[in-house]
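# Residue-level structure breakdown
Residue strings, one per chain:
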Amino acid sequence: MKRLLLLLVALPALAQVRESMTVEVVEVPVYVTTSAGKPVRGLTRDAFELFVDGKRQPIDFFDAVDFAAVPSPNESPARPLRERRLYLLLFDLSFATPAKLVRAQRAAEQAVAHANSDTDFFAVGTYSAQRGVQFLSSFVRDRAAVLRAIYTLHSGKANDPLGIALSSAERATWVAAGEKDVAVASEQEEFASMLEGEMADAIRGGEANQEALRTPGNRLIEYQIGNLGDTAARLAALEGQKHVIFFTEGFQSARVTDIKSRSGPPRFDARMLDLVKEMHDTFVSAGVMLDTVDIKGLRHSFRDLENDALYMLSRDTGGRVVVNRNDLVEAIDSVTTAQSVVYVLGFHPADRKRGRISVRVKGLPRGSEVSYREGFGLARLKSGIDPLQLADIIVNDVPQTGVTLDSGVTPYDGGAEVAMSFSRAEVVPQLGPDAAVDILIYIFDEHRVPAGFKSKRIGFDSAARIPSGYVTLREPFELPKGKYTAKVLLRISGTNSLGFIRRDFEVTQ
């Protein structure tokens, strides 16, 4: 049966971050692969037919993006943000065993090593029933930062709240590990303490008295479904082709779709199915694909249906499912390879706020697969600015118009001083309940790697609220000889008003 994966990228809800953006075009990225899972290249607009709510829809915009292509010498290496791939490597600490997590970590490391550094960004996260989904890093191309997050499964945000920068000691450790291409996984005992113990074992079938534990077991499944949906909503405002790769052994799907009663046929948990549908709608509306990877490896029998949960989670999000594979490195490569070419179909929705989509592709070889999500606007997404957006602004120099900033850099022997200023007259009228301004300063080297970070909060009491003059901040950074970029992000606390500026400079001594 042909699997239909619709990827809607609803335009980001950044009206307050980037001011006057409105939804005028719905983008429908489509993946076309051969029976062997290889991308089909060279298709044109004429090969595609687009339908919305069963009616043929003109394709107002068409583009083909090859993420594996190497830019020509005369081509600018900088691509539009929509021409990038964002991968969240998400590790399930509830429905997984420590030894299998180590295998997943090694596969994730190789996925990063094999990525195209010009187009691919990675974030790392964990899921547990106690803490939900925790982002250990934002979406970055910094391999050392990603490796640290993969192999420690701990957040480095004590140094940087946005998960972009590393301390000097951390960077030295993980750069060395990356250069040696050595997996430096944590000891399994560290993971065991993070798992949900007996309850997780019961869900996987480790306890005899599972029926008595059905209610709390179902609650654990509900937690996971809800947290995955919340994660998709957090990614909604980011531009690009967005994927969550979920490393898990899966919950016991029979709790949802095959609940055995004492008499009569099997029944379904209607509430749980509604939660799954709600999660799928959120992924569709946020333009995110959920790829699930069964880290248990080969199952002993084709009748072993434990990994049905992976199909349940991915179905309707447009994601791929990797099961019965011992070589997880090759398995993850097969996913990213299938997603290395995307055809973007755009259409004007007119007055439609939501709808169902279908796509047909003409002239394909036998056994080809067309992948896309089949809807848009099916769930209401949260407004406001997520920390992931703040990190994206800094990493990718996304312009902001909420506050006008001025900045300058004064290099000296062994470092530089970064100065920034803003007008009280512009900021004071926008002050929220916190009456404060948060400032983040990052220094990037010529390889786009963070080399320094500092943060500052400026409070505005009644006297400081006088709307006249300028506020200036100066911060020194110790830096070796080299070329750098200083990036300053200002946010008026409690509001969506942002200012951003960057300055290139060089330390010569």
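The following refers to the structure shown. Values in this document were obtained by computation on a predicted structure and should not be read as measured data. (Residues numbered from 1 in each chain as written. Predicted model: local features only at pLDDT ≥ 70, side-chain atom pairs only at ≥ 80, totals over all residues. Heavy atoms only, no water.)

## Quick notes on the overall build of the protein chain
Our working rule: Each helix corresponds to a stretch of at least 4 residues labelled H or I by DSSP, and each strand to a stretch of at least 2 residues labelled E; elements are numbered beginning at the N terminus. Think of it in three bands: residues with accessible area under 20% of the maximum for their type are buried, residues over 50% are exposed, and the middle band is partly exposed, with areas taken using a 1.4 Å probe on protein chains only. What makes two residues a contact is simply this: any of their non-hydrogen atoms within 4.5 Å. To measure how exposed things are, a 1.4 Å probe is used in the Shrake-Rupley method; for residues, cover is taken only from the protein chains shown.
Per the secondary structure count, the protein chain includes 12 helices and 20 strands. Among the 509 residues that make up the protein chain, the fraction classed as buried is 54%. Pairs at least 24 apart in sequence give 74% of the contacts found in the protein chain among residues at least 6 apart. If you sum the accessible surface of the protein chain, you get close to 23,000 Å²; carbon and sulfur atoms cover 50% of it.

## A word on the pairing of strand β6 (residues 120-128)
Worth spelling out the cut-off: Strand pairing follows a simple DSSP-based rule, namely that at least 2 bridges must link the two strands. By convention a crossover is right-handed if, when the strands point away from the viewer, the path from the first strand over the helix to the second runs clockwise.
Counting buried positions over the nine residues of β6 gives nine, a clear majority of the element. Here β6 shows two buried faces, one formed by Asp120, Phe122, Val124, Thr126 and Ser128 and the other by Phe121, Ala123, Gly125 and Tyr127. In the sheet, strand β5 (residues 85-92) pairs with β6 via eight bridges, with the strands oriented parallel. Paired with Leu86 across the two strands is Phe121, which belongs to β6. Following the backbone out of β5, through helix α1 (residues 98-113) and into the adjacent parallel β6, one traces a crossover that is right-handed. Note: β6 against strand β7 (residues 132-135), four bridges, orientation antiparallel. For Thr126, the partnering residue across the bridge sits in β7 and is Gln134.

## A word on the packing of α1 against helix α10 (residues 328-338)
Stated precisely, the cut-off is as follows: Comment: axis = line fitted to C-alpha atoms, over the contacting stretch for helices; angle = value between 0 and 180 degrees taken between N-to-C directions. Convention used here: angles under 35 degrees read as roughly parallel, angles over 145 as roughly antiparallel, angles from 65 to 115 as roughly perpendicular, and any remaining angle as oblique. Left-handed is the label given to a crossing in which the near helix is rotated counterclockwise from the far helix by less than a right angle, and right-handed is the label when the rotation is clockwise. Here the nonpolar group is Ala, Val, Leu, Ile, Met, Phe, Trp, Tyr, Cys and Pro; Asp, Glu, Lys and Arg are the charged ones; every other residue, Gly included, is treated as polar.
At their nearest, the axes of α1 and α10 sit 8 Å apart, and the two run at 45° to each other. Here α1 is positioned oblique relative to α10, judged by the angle of their axes. Crossing angle aside, the handedness with which α1 passes α10 is right-handed. Contacts between α1 and α10 involve Arg103, Ala104, Arg106, Ala107, Gln110 and Ala111 from the former and Leu328, Val329 and Ile332 from the latter. When the residues that make up the contact of α1 with α10 are grouped by side-chain class, the tally is six nonpolar, one polar and two charged.

## Some words on the sheet that holds strand β9 (residues 288-294)
Read across the open sheet, the six strands follow the order β7-β6-β5-β8-β9-β10; overall the sheet is mixed. Whereas interior strands pair on both sides, the edge strands pair on one side only; in this sheet they are β7 and β10 (321-322). Of the pairings in the sheet, the one linking β9 to β10 comprises two bridges and is parallel in character. In the sheet register, Val293 faces β10, and the bridge partner there is Val322. Packing against the sheet, α1 makes contact with β5, β6 and β8 (241-248), and its axis sits at approximately 170° to β5.

## Let's talk about the packing of aromatic side chains
To be explicit about the condition: Stacked, tilted and edge-to-face pairs are distinguished by plane angle, under 30 degrees for stacked and over 60 for edge-to-face with tilted covering the rest, among Phe, Tyr and Trp rings (Trp via its six-membered ring) whose centres lie within 6.5 Å. For a lysine, the NZ atom is tested; for an arginine, the CZ atom; a charge sits over a ring if that atom is within 6 Å of the ring centre and within 35 degrees of the ring normal.
As enumerated under the stated definition, the model contains 12 aromatic pairs in all. Measuring from centroid to centroid gives 6.5 Å for Tyr151 and Trp174, while their planes differ by 0°, and the two rings are stacked. Taken as a pair, Tyr151 in helix α2 (residues 143-152) and Trp174 in helix α3 (residues 168-180) lie far apart in primary sequence, 23 residues in all. Across the pair, Trp174 and Tyr151 agree in class, each one buried. With centroids separated by 5.6 Å and ring planes inclined at 25°, the aromatic side chains of Tyr484 and Phe505 adopt a geometry described as stacked. Of this pair, Tyr484 sits in strand β19 (residues 482-492) while Phe505 sits in strand β20 (residues 498-507), and the two are 21 residues apart along the sequence. Here Tyr484 and Phe505 have matching classes, each one buried. Across from the ring centre of Phe121, 5.2 Å away, lies the NZ or CZ of Arg84, which sits over that ring.

## Brief notes about the packing of α1 against α2
Put simply, α1 and α2 touch, their axes get as near as 10 Å, and they point 170° apart. One element, α1, and the other, α2, form an angle in the roughly antiparallel class. Of α2, the residues touching α1 (which contributes Gln105, Arg106, Ala108, Glu109, Val112 and Ala113) are Arg143, Val146, Leu147, Ile150 and Tyr151. Among the residues making up the contact of α1 with α2, the classes are represented as seven nonpolar, one polar and three charged.

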